[in-house]
Amino acid sequence: MLIGFLLVFVASLLGAFGALYLKRASSNFRVSLSQVKNKSLIVGLFYYGFSTLIFLTALKFGELSIIYPLVSLTYVWVVLLSHFKLQESLNKFKVLGVLLIVLGVSFIAYTA
Amino acid sequence: MTSKTSIILVGLSTLLLSFGQFLFKKGLNTFPEVFLNFTLLSGFILYGLALVILLYSLKRGDLSVLYPIFALSYVWVLILSGFLLNEAITGLKIMGVGLIFLGVSLIGVGS
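Every residue gets a number counted from 1 within its own chain, in the order that chain's sequence is written. Each chain takes a letter, starting from A, and each ligand takes a number, starting from 1, following the order in which they are written. Residue-level local features of this predicted model are given only where pLDDT is at least 70; pairs of side-chain atoms are given and counted only at 80 or more, and the full residue set underlies all totals for whole chains, interfaces and linings. For side-chain calculations, the full set of non-hydrogen atoms in the structure is used, while hydrogens and water are omitted.

Focus on the interface of chain A and chain B
Then step 1. Counting residues at the interface gives 31 residues for chain A and 35 residues for chain B.
Then step 2. Buried area: the accessible area, evaluated with a 1.4 Å probe, that two parts lose upon being put together, summed over both parts. Summed over both sides, the interface of chain A with chain B buries roughly 3000 Å², with 77% coming from carbon and sulfur.
Then step 3. For the chain A face of the interface with chain B, the top three residues by lost area are L64(A), Y68(A) and Y75(A), together amounting to 24%.
Then step 4. For this document, the term salt bridge refers to a Lys or Arg side-chain nitrogen within 4 Å of an Asp or Glu carboxyl oxygen. Applying the counting criterion to the chain A and chain B interface returns one salt bridge.
Then step 5. Polar contacts here mean pairs of N or O atoms no more than 3.5 Å apart (in protein, one a potential hydrogen donor and the other a potential acceptor; neighbouring residues in sequence count only if both atoms are side-chain atoms). At the junction of chain A with chain B, the criterion picks out nine residue pairs in polar contact (both at pLDDT 80 or more).
Then step 6. Comment: elements are numbered from the N terminus, with helices defined as DSSP H or I runs of at least four residues and strands as E runs of at least two. Counting residues per element, the ones that place at least two in the side of chain A that touches chain B are α2 (39–60), α3 (64–70), α4 (73–86) and α5 (92–110) of chain A.
Then step 7. By residue number, the principal contributor to the side of chain A that touches chain B is α5(A), which donates 13 residues. Residue contacts are defined here by distance: any two heavy atoms, one from each residue, within 4.5 Å place the two residues in contact.

Rendered as structure tokens:
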């Protein structure tokens, strides 16, 4: 199961980067074919796609009810990344939320 | 102000996503030798659909309301895996999912 954990860890990190790029892409997003030139959109989708593939691999190494909750670590990465890369402000809610997620994830990981 | 439509859409997206995850796991379990099987494909379709609906509705709603609804996916997945995949629903898992749900909701409030 440890391999599964490691893989989900990586997948969540990649997913967070994907979210970061998609956020950047959203500022000039319209539903049209011209979006093919939207670099942030393409990179973001690639990160997401890659993250999903790794997650699927992780699923082979563990129960869904244990592996899937670990995906919530993505929120932790997103909060950190959006603060340091997009200058979004941290507040007590985000910090507390991150701590609760980490706590919840450890509980679930412990059941393995 | 979050429209009812947004809430319903995110709720729907959450259910689709959770069921998609179940199909992923089932697909990976049942046919270990085949790379792409029907179950896995259906999972992808539901997953893609869920993402599209999610992206659409995230633009028109308070994150403090939408995040918690989306966080319910962890609850649905626990239930689905317990009943459809025969995975154990232990007290520790329930507590963990509860904490994650609270954590994600708080992040939504803080966003």
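Describing the pattern of salt bridges
Then step 1. All chains considered together, the criterion is met by one salt bridge over all chains.
Then step 2. Between K93(B) and E63(A) there is a salt bridge, and its shortest N-O distance comes to 2.8 Å. Of this pair, K93(B) sits in helix α4 (residues 91–109) while E63(A) sits in the loop between α2 and α3, each in a different chain.
Then step 3. Classification of K93(B) as buried rests on a relative accessible area of 2%. Exposure categories follow from relative accessible area, calculated using a 1.4 Å probe and restricted to protein chains: below 20% of the type maximum is buried, above 50% is exposed, and the middle band is partly exposed.

Describing the packing of aromatic side chains
Here the distance between the centres and the angle between the planes together describe a pair of aromatic rings.
All names here are of chain A.
Then step 1. Paired rings are identified among Phe, Tyr and Trp, the last through its six-membered ring, by centres lying within 6.5 Å, and are further divided according to the angle between planes into stacked (under 30 degrees), edge-to-face (over 60) and tilted (the rest). Within the structure shown, the criterion is met by nine aromatic pairs over all chains.
Then step 2. Aromatic pair F9 and W77: ring centres 5.5 Å apart, planes at 90°, arrangement edge-to-face. Of this pair, F9 sits in helix α1 (residues 2–26) while W77 sits in helix α4; the two residues are 68 residues apart in sequence, bridging distant segments of the chain.
Then step 3. When the centroid spacing of 5.5 Å and the interplanar angle of 15° are considered together, the rings of Y21 and Y47 count as stacked. Pair noted here: Y21 is in helix α1 and Y47 is in helix α2, with a separation of 26 residues, a long-range link.
Then step 4. The class of Y21 is partly exposed, set by a relative accessible area of 23%.
Then step 5. Residue classification places Y47 among the partly exposed residues on the basis of a relative accessible area of 26%.

Regarding a nonpolar patch on the surface
All names here are of chain B.
Then step 1. A contiguous nonpolar surface patch, about 570 Å² in accessible area, is contributed by F19, I79, F83, L84, I89 and I94.
Then step 2. Ranked by residue count, the leading element in the nonpolar patch is helix α3 (residues 63–84), at three residues.
Then step 3. Assessed through its relative accessible area of 43%, L84 is described here as partly exposed. Here a patch means residues that are over 30% exposed by relative accessible area and free of salt bridges, tied together within 9 Å if like-charged and within 5 Å if nonpolar (Val, Leu, Ile, Met, Phe, Trp, Tyr). Here the Shrake-Rupley method, with its probe set to 1.4 Å, supplies the accessible areas, and only the displayed protein chains count as covering residues.

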